Amino acid sequence: MNDSFSRLAEPFLAHQRTLRGLVRYTLVGRQLEEHLPPPPARVADIGGGAGQQSIPLARNGCEVTILDPSPAMLREAHQTLASEGVDMRRRVRLVRGEGERGAEILGAESFDALLCHGVLMYLEDPRPMIHELASMGRPGAMVCVLAKNASALAVRPALEGRFGDALAALDADRDLGGLGVLTRGDTLEGLSALFEEAGLMVVRWYGVRTFTDHLGDREPGTELPEVLELEWEASRRDPYRAVARLIHLVGQR
């Protein structure tokens, strides 16, 4: 298995330290708190990379499995875990493999919650992944995906002053992401239909990064608490969530 994501590991980790990265992980973490079952819930983070979203869940007592195809990203997760206590490390399992084969790789295990954040945008067809996620959940399990919002692709270039690119993006379903890779967007309607097809009931959806997506590599400043609260409120309200960069869709099996 080739590690096509190894070259993205360093810029991806650097992105976490920017304001945009911090807004993403903080908001999604807070949204998960609203829906995930309490510890010791068994959580599978499919395409979980370095564990940015799921390792904090393990710190809170969840049993976490991170499945990712990239050894480089899993090494980063291992390094993060090295600084944790023994009990916490025992709650995290790192497994190399492709999410579309998750049930095969992880055997007959079933999970209380399945996360798939920032993965669908790299797939030409999200259907197999969503069906795989649904198949790995026990009855009542939560399934959460974070996808690029195809309906808002023009917002970032327009706010950056790239009006020609924004005009072209109005009719596009993909664009160049922050890591320099052309990735695909999904619509809320399309993802909701796929959830229903896979036997998942949509519980709620959020927008992620409405007001800060155009700020590039800007670092967090003293205004961070206000920024996070603003983005949190926008993530739950229309019309703001509809123009956010990312869609966080929460379903239940």
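Rules used throughout
- Residues numbered from 1 in each chain as written.
- Predicted model: local features only at pLDDT ≥ 70, side-chain atom pairs only at ≥ 80, totals over all residues.
- Heavy atoms only, no water.
- Pairing = 2+ DSSP bridges.
- Helix = DSSP H or I, 4+ residues; strand = E, 2+ residues; numbered from the N terminus.
- Axes fitted to C-alpha atoms, helices over the stretch in contact; angles between N-to-C directions.
- Contact = heavy atoms within 4.5 Å.
- Core = buried A, V, L, I, M, F, W, Y, C linked by side-chain atoms within 4.5 Å.
- Buried < 20%, exposed > 50% of the residue type's maximum accessible area, 1.4 Å probe, protein only.
- Parallel < 35°, antiparallel > 145°, perpendicular 65-115°, else oblique.
- Left-handed = near helix turned anticlockwise from the far one by under 90°.
- Nonpolar A, V, L, I, M, F, W, Y, C, P; charged D, E, K, R; others polar.

Caption draft 1: Just the sheet that holds strand 1 (residues 42-46), in detail. Taken together, 7 strands build an open sheet; the order of strands is 3-2-1-4-5-9-8 and the sheet is mixed. Strand pairing shows two members of the sheet lacking a second neighbour, strand 3 (92-96) and strand 8 (201-208), which therefore form its edges. Taking each pair of neighbouring strands and ignoring which way they run, the sheet shows an average axis angle of 15°. Here 5 bridges tie strand 2 (residues 63-68) to strand 3, and the two strands are oriented parallel to one another. Residue pairing in the sheet places Val-64 in a bridge with Val-92 of strand 3. Across the sheet, helix 2 (residues 19-33) is in contact with strand 4 (111-117), strand 5 (137-148), strand 8 and strand 9 (246-252); its angle to strand 8 comes to roughly 155°. Relative to the sheet, helix 4 (residues 71-82) contacts strand 2 and strand 3, its axis offset from that of strand 3 by approximately 165°.

Caption draft 2: Representation of the nonpolar core within the structure. Ranked by size, the top nonpolar core spans 28 residues in total, and within it Leu-120, Met-129, Ile-130 and Leu-133 carry the most contacts. Excluding anything up to four places from it in sequence, Met-129 contacts Ile-46, Gly-99, Glu-100, Cys-116, Val-119, Leu-120 and Leu-123.

Caption draft 3: A look at the packing of helix 2 against helix 11 (residues 224-235). In contact at an axis separation of 10 Å, helix 2 and helix 11 are set at 55° when each is read in the N-to-C sense. When the axis of helix 2 is compared with that of helix 11, the two are oblique. When you trace helix 2 past helix 11, the crossing you get is right-handed. Residues Leu-19, Leu-22, Val-23, Thr-26, Leu-27, Arg-30 and Gln-31 of helix 2 pack against Leu-224, Val-227, Leu-228, Glu-229, Glu-231, Trp-232 and Ser-235 of helix 11. Of the residues that constitute the contact of helix 2 with helix 11, the class distribution is 8 nonpolar, 3 polar and 3 charged.

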